[in-house]
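Read off the chains here:
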Amino acid sequence: MPHFKKPRRAEPLVKEWDKKAQKCGLRHSVYSVNGDQYTGEWLDNMKHGKGTQVWKKTGAIYDGDWKRGKRSGHGTLSVPHPGTGEYVKVYSGAWKNDKKEGFGTYFYNDSSCYEGEWLRDQRSGWGRMYYVNGDIYEGEWLEDQHNGQGMLRLANENRYEGSWKTGKKHGPGKFFYLDKGQLYEGVWVEDIAKCGTVVDFGREGAPAPTIYPIPEVHLADPAAVLKEALSQLPVEQE
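This is a predicted model, so every value here is computed, not measured. (Residues numbered from 1 in each chain as written. Predicted model: local features only at pLDDT ≥ 70, side-chain atom pairs only at ≥ 80, totals over all residues. Heavy atoms only, no water.)

Let's talk about the pairing of strand β9 (residues 122-130)
Next up, step 1: When strand β8 (residues 112-119) meets β9, the two strands line up antiparallel, connected through six bridges. Bridging from a neighbouring strand, C113 pairs with Y130 of β9.
Next up, step 2: Hairpin connection between β8 and β9: a loop of two residues separates the two successive antiparallel strands, and R120 in this loop has a positive phi of roughly 50 degrees.
Next up, step 3: One ladder, built from six bridges, connects β9 with strand β10 (residues 136-142); its direction is antiparallel. Directly across from G127, in β10, lies its bridge partner G139.
Next up, step 4: Hairpin connection between β9 and β10: a loop of five residues separates the two successive antiparallel strands, and G134 in this loop has a positive phi of roughly 100 degrees. (Pairing = 2+ DSSP bridges. Helix = DSSP H or I, 4+ residues; strand = E, 2+ residues; numbered from the N terminus.)

In structure tokens:
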């Protein structure tokens, strides 16, 4: 008795094409409808692993780690210079869920940059900021502002060391007027010195010292005077 083989059921072409279209592993450049270009690793049709993305609209390039379609891990973002067209580095460091998070360095321009910790695209944690005018801030940040303990060194070498809140000097701190050879130590409220003392500090070597030294002043009970002055300051609400 003859034996007949049943013909194998052919898989629809749509499914076959879909399998071939699935992106997984290392691939050559893949172009989006809007012209963006990605070259690198994939997993389940998402950018995952090492890869390079080029955005057609801005010309920006990201080269680094990806996770489930988003920049996550370590990577570098570069953009074309508006004048020369050459690529300049904007940010190099840690990413999470397509945002700067962790330790990284951001270049605002040729003479201004921030190196430190980030959280959801904002400077938060410890960091050092170099400003265009020559000032340098080193200390704690929260939501892109000085917040906590930090030191601001001005371009003329004068500096403030102490507490900050929402970008302003707030709380106990010291301001070193090294150009005049004086030191202010006291309490600040929203960038304004409210209560403290001024003494000579390195006056002999100061480039522009005051004409006369600060005379010594003695109080019968300095602790009581300071306590009374501090009591007049606004109390922070919990």
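Here the narrative resumes, following the displayed structure.
Remarks on the packing of aromatic side chains
Next up, step 1: The full count for this structure, using the stated rule, is 19 aromatic pairs.
Next up, step 2: Residues Y38 and W66 carry aromatic rings whose centres are separated by 5.5 Å and whose planes lie at 85 degrees to one another, so their mutual orientation is edge-to-face. One end of the pair, Y38, is in strand β2 (residues 37-43); the other, W66, is in strand β4 (residues 61-67), and 28 residues separate them in sequence.
Next up, step 3: For Y38, a relative accessible area of 2% puts it in the buried group.
Next up, step 4: Look at F176 and F201: their rings are 5.3 Å apart centre to centre, the planes differ by 65 degrees, and that puts the pair in the edge-to-face class. Of this pair, F176 sits in strand β13 (residues 168-177) while F201 sits in the loop between β15 (192-200) and α2 (222-231), and the two are 25 residues apart along the sequence.
Next up, step 5: Taking relative accessible area as the criterion, F176 reaches 7% and is therefore assigned buried.
Next up, step 6: Between the NZ or CZ atom of K100 and the centre of the ring of Y91, over which it lies, the distance is 5.7 Å.
Next up, step 7: Sitting over the ring of Y160, K169 keeps its end group 5.7 Å from the ring centre. (Phe/Tyr/Trp six-rings, centres within 6.5 Å; stacked < 30°, edge-to-face > 60°. Buried < 20%, exposed > 50% of the residue type's maximum accessible area, 1.4 Å probe, protein only. Lys NZ or Arg CZ within 6 Å of the ring centre and 35° of its normal.)

With respect to the pattern of salt bridges
Next up, step 1: With the rule as written, the count across this model stands at nine salt bridges.
Next up, step 2: Two residues, R128 and E115, come together in a salt bridge whose shortest N-O distance is 2.5 Å. Of this pair, R128 sits in strand β9 while E115 sits in strand β8, and the two are 13 residues apart along the sequence.
Next up, step 3: Overall, the relative accessible area of 23% leaves E115 in the partly exposed class.
Next up, step 4: The closest approach of N and O atoms between D144 and R123, which form a salt bridge, is 2.9 Å. Here D144, found in the loop between β10 and β11 (145-153), pairs with R123, found in strand β9; they are 21 residues apart in sequence, far enough to count as distant. (Salt bridge = Lys/Arg side-chain N within 4 Å of Asp/Glu carboxyl O.)

Looking at the environment of D63
Next up, step 1: Assignment of secondary structure puts D63 in strand β4.
Next up, step 2: By relative accessible area, D63 is classed as partly exposed at 45%.
Next up, step 3: Excluding residues that lie within four positions of it along the chain, D63 makes contacts with G51, T52, G75 and T76.
Next up, step 4: A distance of 2.7 Å separates a polar atom in the side chain of D63 from a polar atom in the side chain of T52. (Contact = heavy atoms within 4.5 Å. Polar contact = N/O pair within 3.5 Å; in protein donor to acceptor, adjacent residues only side chain to side chain.)

Some remarks on unusual backbone geometry
As a rule of thumb, non-glycine residues mostly have phi less than zero, and peptide bonds are mostly trans rather than cis.
Next up, step 1: Even without being glycine, R68 reaches a positive phi, approximately 50 degrees.
Next up, step 2: For R68, the location among the structural elements is in the loop between β4 and β5 (70-80).
Next up, step 3: A positive phi angle, close to 70 degrees, is found at D98, a residue other than glycine.
Next up, step 4: With respect to the element layout, D98 can be found in the loop between β6 (87-96) and β7 (99-109).
Next up, step 5: Residue class for D98 comes out partly exposed when judged on its relative accessible area of 30%.

Details of the environment of H48
Next up, step 1: In this fold, H48 is placed in strand β3 (residues 46-54).
Next up, step 2: Note: C-alpha distance between H48 and D65 (17 residues apart in sequence) is 7.4 Å.
Next up, step 3: Residues within four places of H48 in sequence aside, it is in contact with Y38, E41, W42, L43, W66, K67 and R68.

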